[in-house]
Amino acid sequence: YTPRSILARNMGSNEDQTTAFTPHKVIGNIYYVGVRTLSAFLIVTPQGNILMNSTYERNVPVIQKSIESLGLRFADTKILVGSHAHTDHMEGDAVVKQLTGAQVVAMAEDVDALKAMTPGGKAHPIDRVIHDGDTVSLGGTTLTAHLTAGHTPGCTTWTMKAQEGGKTYDVVFHCSLRGPNTLTPPVVAQFNRSFPIVRAMPCDVPLGDHPAQYSLNEKFARLKPGAPNPFIDAAGCNIE
């Protein structure tokens, strides 16, 4: 793999970046509501829902439709979090905020990049600034934010617990660990800190900001009633 080949794998075609992938339950109260190559997850709670990654602004109606196709209400989105300050993951934050009133949460190290993200001249909303180790809680579900910088200064890996079949599983929403084509000493230092952190995380269910990072297509094809949940994949936890 090279940075360029991983980028091509993760992004796919323009159509892949804007076409909904079949919305589905991943595990517990976690649902996939993103497009073919850009992940968006909905964490459902009795007090409203947490949306992770708005992706491109043009995809917000696609995400809304996916949520509603699951019998859920887009308007029940109470909190919006993101993986990192790139347009393909967080450009749609302002529209989600406008449509739902959700609280927008951002890692401190990515705030400057997010503020520079102004599609159509819209200011990027930030309601709460978090730091490494902070938590976001709603309706009995708690997400923990881990600073895993390198891809961006505020690249955030999120972890939470999910229950299924009477068992509790550690879920990791990986932030990309793909480096730029040219590595500077500060970025190398960020990656040298981030890789050991990610590798040490308890992990039963690896997810990612791009579906290819956790083999969504292959796992979804094996998602059958009564069969073992293919998203439970501890062996795949440290594969980028």
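Everything discussed here concerns the structure shown above.
The structure displayed is predicted, hence computed values, not measured ones. Residue numbers here run from 1 along each chain, matching the order of that chain's written sequence. Confidence filtering applies because this is a predicted model: local features only for residues at pLDDT of at least 70, side-chain atom pairs given and counted only at 80 or more, and all residues used for totals across whole chains, interfaces and linings. As a convention, hydrogens and water are excluded, and side-chain values are obtained from all of the structure's heavy atoms.

Caption draft 1: Highlighting the sheet that holds strand β1 (residues 24-27). Strand pairing requires that DSSP identify at least two bridges connecting the strands. Secondary structure elements follow DSSP: runs of H or I of four or more residues count as helices, runs of E of two or more count as strands, with numbering from the N terminus. Pairing within the open sheet is mixed, and its seven strands lie in the order β1-β2-β3-β4-β5-β6-β7. Sheet topology places β1 and β7 (128-130) at the edges, where each strand pairs with a single neighbour. Along the sheet, successive strands turn relative to each other by an average axial angle of 25°, direction set aside. Only the stretch in contact is used when a helix axis is fitted, and all axes are lines through C-alpha atoms; the angle between N-to-C directions ranges over 0 to 180 degrees.

Caption draft 2: Local environment of the environment of D204. Relative to the helices and strands, D204 is located in the loop between α6 (185-199) and β12 (205-208). Given the relative accessible area of 22%, D204 is considered partly exposed. When the C-alpha atoms of D204 and L138 are compared, they prove to be 22 Å apart, with 66 residues separating the residues in sequence. Every residue pair with non-hydrogen atoms within 4.5 Å of one another is taken to be in contact. Among all residues touching D204, those that are not within four sequence positions of it are T168, Y169, D170, F231, I232, D233, A234 and C237. Think of it in three bands: residues with accessible area under 20% of the maximum for their type are buried, residues over 50% are exposed, and the middle band is partly exposed, with areas taken using a 1.4 Å probe on protein chains only.

Caption draft 3: Structural context of the packing of aromatic side chains. Two aromatic rings from Phe, Tyr or Trp, using only the six-membered ring of Trp, form a pair when their centres are within 6.5 Å; if the ring planes differ by under 30 degrees the pair is stacked, by over 60 it is edge-to-face, and anything between is tilted. Within the structure shown, the criterion is met by seven aromatic pairs. Consider the rings of F41 and Y214, whose centres lie 6.3 Å apart with planes at 40°: the pair is tilted. Linking F41 in strand β3 (residues 41-45) with Y214 in the loop between β12 and α7 (216-221), this pair joins segments that are 173 residues apart in sequence. Relative accessible area serves as the criterion here: at 1%, F41 is assigned to the buried category. Relative to F195, the ring of F191 has its centre 5.9 Å away and its plane inclined at 40°; by these criteria the two rings are tilted. Remark: F195 and F191 occur in helix α6; sequence separation between them is four residues, near one turn of the helix. The class for F191 is buried, based on a relative accessible area of 7%. Members of the aromatic cluster, each reached through a chain of ring pairs, are F21, Y32, F41, F173, Y214, F220 and F231. Its guanidinium or amino end placed over the ring of Y56, R58 lies 4.1 Å from that ring's centre, counting from NZ or CZ. To sit over a ring, a charge needs its Lys NZ or Arg CZ within 6 Å of the ring centre and within 35 degrees of the ring normal.

Caption draft 4: Spatial organisation of helix α4 (residues 93-100). Every buried residue belonging to α4 is among D93, A94, V95, V96 and T100, and all of these are buried. At its buried positions, α4 is contacted by β4 (48-52), α2 (60-69), β5 (77-81), α3 (87-90) and β6 (103-107). Of the residues one or two after α4, G101 is the one with positive phi, at around 75°.

Caption draft 5: Spatial organisation of the side chain of S54. By the element assignment, S54 lies in the loop between β4 and α2. What makes S54 buried here is its relative accessible area of 0%. Polar contacts, as counted here, are pairs of nitrogen or oxygen atoms within 3.5 Å of one another; within protein the pair requires one atom able to donate a hydrogen and one able to accept it, and residues that are adjacent in sequence qualify only if both atoms are side-chain atoms. Separated by 3.1 Å, the side chain of S54 and the backbone nitrogen of G92 make a polar contact. With residues near it in sequence (within four places) discarded, S54 still touches V60, I63, L80, H89, M90, E91, G92, D93 and V96.

Caption draft 6: Molecular detail of the nonpolar core. Of all hydrophobic cores here, the largest spans 31 residues; its most connected members are I30, L143, W158, V171, F173 and L207. Ignoring anything within four residues of it in the chain, the contact list for L143 reads I43, I50, M52, D134, T135, V136, W158, T159, M160 and F173. Within the second largest apolar cluster, 13 residues are counted, among which are V33, V95, V96 and V104. We call a set of buried residues a nonpolar core when its members are Ala, Val, Leu, Ile, Met, Phe, Trp, Tyr or Cys and they connect through side-chain atoms within 4.5 Å of each other.

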